[in-house]
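Now for the letters of each chain:
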Amino acid sequence: MSQIQSGLTADLLTVGVTSKAAFVEQVQANGDKVFPVLDNSFVARVDVAPSAVTAGLSIWSIFNTGVKSMYLTAADLTGLFAGTAAATRSLFDLVRISAAAPTGGTAIQSIRKNTAKPNPSGVDIRFAPAGLTTTGVNFESDPLDLFPVINQLTASTVMARDWSKAPIILAPNQGLAIRTNGAVVVGAGLQGSVQWDER
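Presented here is an overview of the structure given in this document. On a predicted model such as this, the values are computed, not experimentally measured, just so you know.

### A look at the overall build of the chain
And then number 1: If you tally the helices and strands in the chain, you get zero helices and 16 strands.
And then number 2: Per-residue burial over the chain gives 37% buried out of 199 residues.
And then number 3: The long-range fraction of contacts in the chain, counting pairs at least 24 apart against all pairs at least 6 apart in sequence, stands at 84%.

This is the structure we're talking about:
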């Protein structure tokens, strides 16, 4: 491998020994990488079924309490049903929230995908089948996504969301909540995980 130094700066151009090709890295004008290596990544589980049929019930949330932005890259969810079957469907909204994190319920631990990296700078994840407390929480008027569940014992709905090319970005003091859209049938629920990178 050889290196060529610019005559104007100390920048180096690296050339492969076998390929004779120059190695380049795409960056934006501010120096940020166009295709950054996402090795500071995390995953958290989603496993919740509402115990009430109330519309607008927040049953799961993730909130950025840190100093870095969270880039959500994927959500892998399965809609399951374990109640009294009905010829209907239950619907859940994924809504952006801000100003304050929901409280109550049970906290969920984030998991590092690379154990050599530190824990998130700050994240609050929790769920509550009976609904989280959302005092002071601002909800956007329209959902980012919808998750339907067929209210049948033999039915399941696989919902894989790949946001890696256009992540959902949560700045500090922003988050997401899963809410009931209209009245749901008790026994409808969601299981799976969400993934994000912090930078």
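What follows continues from the structure just given.
### Considerations on the pairing of strand β16 (residues 188-198)
And then number 1: Most of β16 is tucked away: nine of the 11 residues are buried.
And then number 2: Here eight bridges tie strand β4 (residues 41-48) to β16, and the two strands are oriented antiparallel to one another. Residue pairing across strands places V48 opposite L190, the latter belonging to β16.
And then number 3: Of the pairings in the sheet, the one linking strand β6 (residues 70-81) to β16 comprises 11 bridges and is antiparallel in character.

### So, the packing of aromatic side chains
And then number 1: Per the counting criterion, the structure on display carries one aromatic pair.
And then number 2: Here R179 stacks its cationic end above the ring of F139, 3.9 Å away from the centre of that ring.
And then number 3: A cation over an aromatic ring shows up here: R199 above the ring of Y71, its NZ or CZ 3.8 Å from the ring centre.

### Re the environment of I59
And then number 1: Looking at the element boundaries, I59 is found in strand β5 (residues 58-64).
And then number 2: Looking at I59, the relative accessible area reads 0%, which means it is buried.
And then number 3: For the pair formed by I59 and A177, sequence separation is 118 residues and the distance between their alpha carbons is 7.4 Å.
And then number 4: With near-sequence residues (within four places) excluded, I59 lies in contact with V48, P50, F92, R126, F127, A128, P129, L132 and I178.

### A look at the side chain of Q195
And then number 1: Its location among the elements puts Q195 in strand β16.
And then number 2: Note on Q195: relative accessible area 18%, which makes it buried.
And then number 3: Other than its neighbours up to four places away in sequence, Q195 contacts F42, V43, Y71, L72, T73, A74, D76 and K113.

### Examining the nonpolar core
And then number 1: In terms of nonpolar packing, the biggest core is built from 31 residues, with W60, F92 and W196 touching the most fellow members.
And then number 2: No other element matches the five residues that β6 contributes to this core.

### Observations concerning the environment of A183
And then number 1: Relative to the helices and strands, A183 is located in the loop between β15 (174-181) and β16.
And then number 2: The class for A183 is exposed, based on a relative accessible area of 60%.
And then number 3: Separated by 126 residues in the primary sequence, A183 and L57 have C-alpha atoms spaced 9.4 Å apart.
And then number 4: In contact with A183, not counting residues within four places along its chain, are V53 and A55.

### Digging into the pattern of salt bridges
And then number 1: For the structure on display, the rule yields four salt bridges.
And then number 2: We note a salt bridge from D145 to R161, for which the minimum N-O separation is 2.5 Å. Taken together, the positions of D145 in strand β12 (residues 145-150) and R161 in strand β13 (residues 157-162) put the pair 16 residues apart, joining distant regions of the chain.
And then number 3: Since its relative accessible area comes to 17%, D145 is described here as buried.
And then number 4: With its nearest N and O atoms 2.8 Å apart, the salt bridge here joins D197 to R199.
And then number 5: Residue classification places R199 among the partly exposed positions, given a relative accessible area of 40%.

### Here we look at unusual backbone geometry
And then number 1: In this structure, A99 takes a positive phi of about 80 degrees despite not being glycine.
And then number 2: For A99, the location among the structural elements is in the loop between β7 (89-98) and β8 (106-107).
And then number 3: You will see that N173, though not glycine, has its phi angle at about 70 degrees, which is positive.
And then number 4: Tracing the backbone through its elements, the reader meets N173 in the loop between β14 (168-170) and β15.
And then number 5: Since its relative accessible area comes to 47%, N173 is described here as partly exposed.

What counts, and where the lines are drawn
- Residues numbered from 1 in each chain as written.
- Predicted model: local features only at pLDDT ≥ 70, side-chain atom pairs only at ≥ 80, totals over all residues.
- Heavy atoms only, no water.
- Helix = DSSP H or I, 4+ residues; strand = E, 2+ residues; numbered from the N terminus.
- Buried < 20%, exposed > 50% of the residue type's maximum accessible area, 1.4 Å probe, protein only.
- Contact = heavy atoms within 4.5 Å.
- Pairing = 2+ DSSP bridges.
- Phe/Tyr/Trp six-rings, centres within 6.5 Å; stacked < 30°, edge-to-face > 60°.
- Lys NZ or Arg CZ within 6 Å of the ring centre and 35° of its normal.
- Core = buried A, V, L, I, M, F, W, Y, C linked by side-chain atoms within 4.5 Å.
- Salt bridge = Lys/Arg side-chain N within 4 Å of Asp/Glu carboxyl O.

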